[in-house]
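# Topology and contacts: notes
Here's the letter readout for the chains.
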Amino acid sequence: MVKYLIVMFLCLLSACSKPQLTYRDPEDFQFKDVQFSWPTLPGTEDFSWNYIHGFRPSKNHLFGFDKHPNPALGSEEDAVTHLSIEENYPGSFYVFINPDMSDKREGGYTFALCKLQDLNEWRTVAEDENGFQEETIVTDYPEGKNVDSLGLCKYHLENSYLIEKMYVHSYKKKEYPLLISSLGQNTDPARFIFSKQMWNAAANVYAQAGISFNFYGYDITLYIEDTYGNKHKISYILSTVKNADTSCYRRMDDIFEAEENVAKHLDSLGISRSVLSLNLPTKEMWTLIYDDRGNVQVCGTPEIDPATVTWPGVELKIPASVGDSFTSKEIRRNGSFWEIQDSTKKWVRATKKNVNVNTTVMMNMAEQNVDPQYVKGHISETALGVTNFRYKKNNNSKYPYDAAIALIPWQKGKTARVILHEMGHLLGLQDALDLLSRKDSLSEQGNLMYFQYQNGTLLRERKMKIQNIEREERQWDCLQRIDEQNSCSDQDILHFNFGE
Ligand SMILES: [Zn+2]
């Protein structure tokens with residue numbers, strides 16, 4: 001039996017307090033206040049609803065509202081609006097009756113929220129002069145998939161017409177533990193990863209599916225040891241310059257070590273998900289080969305010719321020695337060859353005899369912000385990030401993953417959007433193709449998991465097509481782990497998530 005309570009009644013009991021959209025401070029550090037403003041992304045377009053009667057989102061609603069922004073005529077599924085509510089908290093939405101539409105003006109019609117079974121009136125709609133009435137409902141339906149439902153009906157004489165359906169999903173609050181970790185500078189606003197602003201935004205986005213987080217914090221410091229046994233703090237990461245020949249890429253051990261480190265820390269906490277922000281500068285590097293005569297040459301066809309790097313120039317370096325200068329050696333171009341200095345400071349040709357190309361790279365000594373190409377993976381026009389699932393070493397384990405880590409290089413305010421998206425992957429969501437038009441994807445109606453633009457932050461309950469695979473998922477239900485066979489598309493990730 002489904003119950004709707006009128007909000008006035010509920011407010012007496014709970015004073016209409018906000019549901020728990022707050023983070024919980026971990027014990028070992030405090031969240032920071034940073035100068036951080038939510039960026040308007042380039043290419044974002046305004047969205048406005050059409051002028052026909054129907055449900056509209058309310059700013060007072062703290063959970064999910066999923067209405068198709070551009071419904072296909074006659075599509076049963078497009079005509080349904082989904083509303084999520086955290087169990088026993090009020091949710092709200094607007095009912096819009098267009099005062100200019102002829103059927104209204106000519107009179108004789110009344111509008112009401114109705115019961116779907118028989119289209120009988122449940123509550124009349126007394127819209128204001130602009131056609132809006134705000135409705136607040138509460139449901140104590142215990143953890144819903146398909147759910148409480150109501151409709152917007154129009155009545156004339158003996159006839160009743162269903163204009164739009166609404167499914168109300170009442171979710172129990174679900175809390176996921178999350179490690180937020182940082183490698184590199186702890187300056188503001190790069191400390192956005194530990195900021196109240198960031199995680200309040202995340203709380204609001206994931207509240208759409210009744211999800212909240214229990215945070216742990218971790219500042220990583222990585223060290224490398226030099227040939228004299230001295231430890232040096234890692235102060236930058238390496239980025240391979242884009243190259244037409246992919247065999248010229250080299251594994252970047254510093255990132256790998258950072259992930260290992262996070263995975264170990266996750267293990268010690270007994271949890272499995274982390275967002276790792278990289279607030280380190282990068283240095284570009286080129287891998288080297290020998291030509292037919294044993295002379296050192298740059299591998300492949302790099303996008304940037306190292307011979308054109310003038311300040312502070314390029315040097316030879318052992319890539320394992322990240323963050324230090326003790327193995328640096330100057331190198332310069334001379335005609336079609338490269339030269340280094342011998343022990344008497346005399347410039348000599350770099351060859352098989354004096355340079356081991358298997359252990360040495362050429363490096364741009366200038367520091368850049370972390371380069372988009374560095375993390376590869378999930379890249380859009382506006383931002384980037386990647387989520388890696390680390391396989392369990394124990395093959396007998398029931399679950400295929402033991403850690404999911406989202407890597408986020410600091411790219412100013414845009415980064416925050418990408419964190420929200422990568423968190424979706426951490427929790428089992430896939431990149432969505434978005435059933436909506438490209439235009440709507442560029443507006444605030446865009447899906448958070450849309451693979452191309454992170455303009456919108458909507459999570460939806462209507463089925464979203466998945467990028468690259470023939471599957472669909474309902475994002476709210478997926479995050480809630482309801483109906484795991486049908487609602488989440490990647491069964492491996494699901495196993496992992498259920499395994500916690
Ligand atoms: Zn993605």
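Rules and cut-offs
- Residues numbered from 1 in each chain as written.
- Predicted model: local features only at pLDDT ≥ 70, side-chain atom pairs only at ≥ 80, totals over all residues.
- Helix = DSSP H or I, 4+ residues; strand = E, 2+ residues; numbered from the N terminus.
- Contact = placed C-beta atoms within 7 Å.
- Axes fitted to C-alpha atoms, helices over the stretch in contact; angles between N-to-C directions.
- Parallel < 35°, antiparallel > 145°, perpendicular 65-115°, else oblique.
- Left-handed = near helix turned anticlockwise from the far one by under 90°.
- Core = buried A, V, L, I, M, F, W, Y, C linked by C-beta atoms within 7 Å.
- Buried ≥ 20, exposed ≤ 12 C-beta atoms within 10 Å, placed from the backbone.
- Expected span 1.5 Å × (residues − 1).
- Pairing = 2+ DSSP bridges.
- Arc of directions from axis to C-beta.
- pLDDT = per-residue confidence, 0-100.

Moving on, we come to the overall build of the protein. The helix and strand inventory of the protein stands at 10 helices and 29 strands. Expressed as a percentage of contacts within the protein between residues at least 6 apart in sequence, the contacts between residues at least 24 apart total 68%.

Looking now at the packing of helix α3 (residues 196-206) against helix α6 (residues 414-426). Contact geometry of α3 with α6 gives a least axis separation of 10 Å together with a crossing angle of 45 degrees. Classified by the interaxial angle, the pair formed by α3 and α6 is oblique. Note on packing geometry: the crossing formed by α3 with α6 is right-handed. Contacts between α3 and α6 involve M198, A201, A202 and V205 from the first element and A416, I419, L420 and M423 from the second.

For the rest of this paragraph, the subject is the nonpolar core. If you look at the biggest cluster of nonpolar residues, it comprises 99 residues, and the most contacted ones within it are V275, L276 and M362. With residues up to four places along the chain from it excluded, the contact list for L276 reads S181, L183, A258, V262, I405, A406, L407 and I408.

Its 13 residues give α6 an end-to-end C-alpha distance of 19 Å, which sits within 8% of 18 Å, the value for a rise of 1.5 Å per residue. Most of α6 sits out of view: 12 of its 13 residues are buried. All of the buried residues along α6 are T415, A416, R417, V418, I419, L420, H421, E422, M423, G424, H425 and L426. Positive phi appears at G428, one or two residues downstream of α6, with a value of about 110 degrees.

Looking now at the sheet that holds strand β22 (residues 337-341). Read from one edge of the open sheet, 3 strands run β21-β22-β23, paired in antiparallel fashion. Two strands close off the open sheet at either side, each with one partner strand: β21 (332-334) and β23 (347-349). The sheet shows a mean angle of 45 degrees between the axes of neighbouring strands, direction not considered.

Here α3 has its buried residues at M198, W199, A202, V205 and Y206. Along the axis of α3, the buried positions cluster into a sector of 115 degrees, meaning they face one direction only.

Another aspect to go through is the confidence of the model for the protein. Residues shown with low pLDDT carry predicted positions that ought not to be read at fine detail. Confidence in the prediction of the protein, expressed as mean pLDDT, is 80, and 79% of residues score 70 or more. Segment residues 1-17 is flagged for pLDDT under 50; beyond a separation of four residues in sequence, or across chains, it makes 17 contacts in the model.

Here we take up unusual backbone geometry. In this structure, P312 follows W311 across a cis peptide bond, with omega equal to -10 degrees. Turning to its location among the elements, P312 is positioned in the loop between β18 (296-298) and β19 (314-317). A positive phi is found at L119, a non-glycine position, where the angle reads about 60 degrees. When you line up the elements, L119 lands in the loop between β6 (110-114) and β7 (121-124). Despite not being glycine, L157 has its phi angle at roughly 50 degrees, a positive value. Among the structural elements, L157 can be located in the loop between β9 (148-156) and β10 (159-171). Take L157: there are 7 C-beta atoms within 10 Å of it, and that puts it in the exposed class.

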